[in-house]
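Inside the fold
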Amino acid sequence: MKGHILLLGIAVFALGVVSALENGLARKPPMGWMTWQRFRCITDCNKYPDECISEALIKRMADLMVSEGYLDAGYDYVNIDDCWSMMERDADGVLWPNPERFPNGMKHLADYVHSKGLKFGIYQDIGTNTCAGYPGMRDFYEIDAKTFAEWEVDFIKVDGCYADAVKMVEDYVLLGEIMNKTGRPILYSCSWPAYQEEEDIIPDYETLKKTCNMWRNWDDIEDSHSSVERITKYFSDNQYRIQPHSGPGHWNDPDTLILGNYGLSYEQSKSQLAVWTVLAAPLLLSNDLATVTPEIKELLLNREIIAVDQDPMGIQGRYVQTIRNIEIWKRPILPKVKEVYTHAIAFVSRRADGAPYAIEVNLVEDLGLRINSSIKGYKVYDLFQTDRKPVFVRANGTFETRVNPTGANFYRFVPVVRNTRYGKHGSSAGNSV
Ligand code: GLA
């Protein structure tokens, strides 16, 4: 009898382990690099030797991740998107990489990436085919999960092309369970919300949170400011149902950062970075790291902005309001001082009328910042000009900012404790003025 109870206990425990997302990954929004936005499905290595989806490209980018300081700043995943595999599975149903482009196989490539201190990610699809027409996972979940675990994959983006948008949820859940059973913790990036939203189906976020570490909510990003604006608008229009579901272990994903490519000006690059950071988005670069200009690289490696994105509370921020065509976005972060959070606040310009545009905002009414009897105001740090001294703004005071056309300004507002007659009682963060 005792033995039976023990067995039952083990079975229930095992079931619990495999039926929920217990991989312990993505406690902070994942950071790294991936192929899709910049390199798409370029497969002709004769014509485009530096751009085709290949072992050489991944090795080159992995090297640059280290030598250019991206790994040190926290970008640690190197992920291959679509177009890596052969067009057919082998007789046993196993999927192999294209041998011309990946001559030493994926395990070799994963080993190379790992030897640099980076993690290795790959792409598949829950349906019969990937979006670019390569073989999908349908009917091969066990085999592919085993293959990926053997290759020592750390991240898998599972797309949702060639699958039924309603039924795919069951399949994603099943695949998650199968992957958990391999014993290898693999970050699970899902795409089912994006496909459901396309068909006006509201995704079941509770299941999503239990199943996936991150998920694409909506449309693909393209290399333009208008694409960034469209995605930004989707996130503000739908924030009441999307924002609460993001948090440590499970993140909303507005798609890759396109900084360093062709489509964004410097100002627009600041805009995407600021909004994505407020959204607690995964920071996945998709550019050619060899050609990123120094000024864009400086944005991508801005430690203070990265620290906001990676804030341990993991609370996704929200759109607050628009004042004269400047959007205000706000995210609570640490430190918390006398029950009042620090906030990262972005002023995102939708203006194109030439000169930098100044707005003056009231801390409480316009920004919705909290004040209490212990807080006398805020110290405001410029996140794009980190060498500037912070300015102090009184609780009932106003803050002025001038935003360049189509750009963004981004600040950290840190509460300042009121002095008492016994002297300064600053917070441990040293924010007493
Ligand atoms: C879909 C995804 C993209 C990319 C492509 C690859 O469109 O949303 O992010 O993975 O497929 O074909």
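What counts, and where the lines are drawn
Residues numbered from 1 in each chain as written. Predicted model: local features only at pLDDT ≥ 70, side-chain atom pairs only at ≥ 80, totals over all residues. Heavy atoms only, no water. Buried < 20%, exposed > 50% of the residue type's maximum accessible area, 1.4 Å probe, protein only. Helix = DSSP H or I, 4+ residues; strand = E, 2+ residues; numbered from the N terminus. Pairing = 2+ DSSP bridges. Domains from an automatic or database assignment. Buried area = accessible area lost by both parts, 1.4 Å probe. Salt bridge = Lys/Arg side-chain N within 4 Å of Asp/Glu carboxyl O. Nonpolar A, V, L, I, M, F, W, Y, C, P; charged D, E, K, R; others polar. Near = heavy atom within 4 Å. Polar contact = N/O pair within 3.5 Å; in protein donor to acceptor, adjacent residues only side chain to side chain. Areas by Shrake-Rupley, 256 points an atom, 1.4 Å probe, with all protein chains shown as cover.

Examining the pairing of strand β16 (residues 408-417)
Burial of β16 is extensive: ten of the ten residues sit out of reach of the surface. Sheet analysis places strand β11 (residues 340-349) next to β16, joined by six bridges and oriented antiparallel. Following the sheet pairing, alanine 344 is matched in β16 by arginine 412.

A word on the domain arrangement of the chain
Here the chain is described as being made up of domain 1 (4-309) and domain 2 (318-417). Here domain 1 and domain 2 have C-alpha centroids that lie 32 Å from each other. Summed over both sides, the interface of domain 1 with domain 2 buries roughly 2100 Å², with 61% coming from carbon and sulfur. It is Val278, Glu304 and Val308 in domain 1 that bury the most area against domain 2; as a group they hold 28% of the surface buried on that side. Applying the counting rule to domain 1 against domain 2 returns two salt bridges. Among the ionic pairs, arginine 412 bridges to glutamate 304, the shortest N-O distance being 3.2 Å. Elements represented by at least two residues in the side of domain 1 that touches domain 2 include exactly α10 (225-237), α11 (239-242), α12 (266-278) and α14 (303-309). A total of nine residues in the side of domain 1 that touches domain 2 trace back to one element, the largest contributor, which is α12. Along the lines of polarity and charge, the residues of the side of domain 1 that touches domain 2 split into twelve nonpolar, ten polar and five charged.

Observations regarding the site of the ligand
All residues adjacent to the ligand are Trp36, Asp81, Asp82, Tyr123, Cys131, Ala132, Lys157, Asp159, Arg216 and Asp220. Within the side chain of aspartate 82, a nitrogen or oxygen atom sits 2.7 Å from an oxygen atom of the ligand. Take aspartate 220: an N or O atom from its side chain is 2.5 Å from an oxygen atom of the ligand. Taken by itself the ligand offers 300 Å² of open surface, and the protein chains cover 91% of this. Of the residues that constitute the shell around the ligand, the class distribution is four nonpolar, no polar and six charged.

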